[in-house]
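An overview of the molecular structure
Listed below are the residues making up each chain.
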Amino acid sequence: MKITHKYITRVLAIALFCFCFQSAQAQISFPDNVNDEAPAAPINGLIALGLAAGAALGLKKTNKDL
């Protein structure tokens, strides 16, 4: 078998893929006294303003006569 650049790339990609899954399975454990409840993220009015601005920009780009 002739070893080519394409073959080496595939072997490295498969090896990297396998090692990524191996490290993803290693989970750390926390002590029992850790507060697992995350505080609620505040959602303010700027998100709605940003969505409206994005929609307006998208409409402006799709419709040249606006």
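Look above for the structure.
Structural notes, computed from the coordinates. Small disclaimer: the values here were computed from a predicted structure and weren't measured.

Scanning the protein chain from terminus to terminus reveals two helices and zero strands. For the protein chain, the proportion of its 66 residues judged to be buried stands at 0%. Summed over all atoms, the accessible surface of the protein chain reaches about 6,800 Å², with 67% contributed by carbon and sulfur.

Taken together, Y7, I8, V11 and L12 make up a surface patch of nonpolar side chains, about 370 Å² in accessible area. By secondary structure assignment, the location of V11 is in helix 1 (residues 5-24). For V11, a relative accessible area of 41% puts it in the partly exposed group.

Calculation rules
Residues numbered from 1 in each chain as written. Predicted model: local features only at pLDDT ≥ 70, side-chain atom pairs only at ≥ 80, totals over all residues. Heavy atoms only, no water. Helix = DSSP H or I, 4+ residues; strand = E, 2+ residues; numbered from the N terminus. Buried < 20%, exposed > 50% of the residue type's maximum accessible area, 1.4 Å probe, protein only. Areas by Shrake-Rupley, 256 points an atom, 1.4 Å probe, with all protein chains shown as cover. Patch = residues over 30% accessible without salt bridge, like charges linked within 9 Å, V, L, I, M, F, W, Y side chains within 5 Å. Salt bridge = Lys/Arg side-chain N within 4 Å of Asp/Glu carboxyl O.

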